[in-house]
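These are the residues of each chain, in order.
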Amino acid sequence: MAVKIKTKDGLIDISNGVIATVVGGAATSNYGVVGMASKNAIRDGFDGILNRANYKRGVVVKSEDNEITVDVYIIVGYGLKISEVSRNVQDSVKYNLKNQLGFDTKAVNVIVQSVKVLDE
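Here the structure is a predicted model, which means the values were calculated and not measured.

Visitor: Report on the pattern of salt bridges, specifying residues and quantitative values.
Guide: Counted according to the given criterion, the structure contains 3 salt bridges. We note a salt bridge from Glu84 to Arg87, for which the minimum N-O separation is 2.6 Å. In this pair, Glu84 and Arg87 both sit in helix α3 (residues 82–101), 3 residues apart, roughly one turn of the helix. A relative accessible area of 33% places Glu84 in the partly exposed class.

Visitor: Lay out α3 with the relevant residues and their values.
Guide: Along its 20 residues, α3 runs 27 Å from first to last C-alpha, staying within 8% of the 28 Å computed at 1.5 Å per residue. Within α3 the residues assigned to the buried category are Val85, Ser86, Val89, Ser92, Val93, Asn96, Leu97 and Leu101. Taken around the axis of α3, the buried residues stretch over an arc of 130 degrees, which confines them to a single face. On its buried face, α3 is in contact with β1 (2–7), β2 (10–15), α1 (16–28), β3 (33–36), β5 (67–77) and β6 (104–116). Phi turns positive one or two residues past the end of α3, at Gly102, with a value near 80 degrees.

Visitor: Residue-level account of the environment of Leu97, with values.
Guide: Turning to its location among the elements, Leu97 is positioned in helix α3. With a relative accessible area of 0%, Leu97 lands in the buried category. C-alpha separation for the pair Leu97 and Ala26, spaced 71 residues apart in sequence, amounts to 8.9 Å. Those residues in contact with Leu97 that sit more than four places away from it in its chain are Ile19, Val22, Val23, Ile68, Val70, Gly102, Phe103 and Thr105.

Visitor: Quick rundown of the packing of α1 against α3? Include the residues and the values.
Guide: Where α1 contacts α3, the axes come no closer than 8 Å and their chain directions differ by 135 degrees. Classified by the angle between their axes, α1 and α3 sit oblique to one another. For the element pair α1 and α3, the recorded crossing hand is right-handed. Along its contact with α1, which presents Val18, Ile19, Val22, Val23, Ala26 and Ala27, the element α3 presents Val89, Ser92, Val93, Asn96, Leu97, Gln100 and Leu101. Per-class residue counts for the contact of α1 with α3 are 10 nonpolar, 3 polar and no charged.

How each quantity is defined
- Residues numbered from 1 in each chain as written.
- Predicted model: local features only at pLDDT ≥ 70, side-chain atom pairs only at ≥ 80, totals over all residues.
- Heavy atoms only, no water.
- Salt bridge = Lys/Arg side-chain N within 4 Å of Asp/Glu carboxyl O.
- Helix = DSSP H or I, 4+ residues; strand = E, 2+ residues; numbered from the N terminus.
- Buried < 20%, exposed > 50% of the residue type's maximum accessible area, 1.4 Å probe, protein only.
- Expected span 1.5 Å × (residues − 1).
- Arc of directions from axis to C-beta.
- Contact = heavy atoms within 4.5 Å.
- Axes fitted to C-alpha atoms, helices over the stretch in contact; angles between N-to-C directions.
- Parallel < 35°, antiparallel > 145°, perpendicular 65-115°, else oblique.
- Left-handed = near helix turned anticlockwise from the far one by under 90°.
- Nonpolar A, V, L, I, M, F, W, Y, C, P; charged D, E, K, R; others polar.

All quantities given are derived from atomic positions and should not be read as evidence of function.
Listed below in structure tokens is the structure:
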């Protein structure tokens, strides 16, 4: 499924994979985010950190009109304040979607799938 934007010159289709890459890059750039997690870890049989090629497994995009709602599944580092990390992820995802793709986001829902102890 793709998000469609109507412009005066025609129709623009942006695939969910592109949106997932932008969202995943924005989410993982925040301090405290160890990586992206699969939204269906049991079904996918994968309980680890997703690489860039698989960000779409950790992002759910829903579109209405010209606004989108995004669910982001992340893994947070142990010992960090989860609410602050989540708020930072929301802010950076909204910012990147607006500046890179021109989308207004209705909501960015952050779901913390796991907490990982960071190696020192």
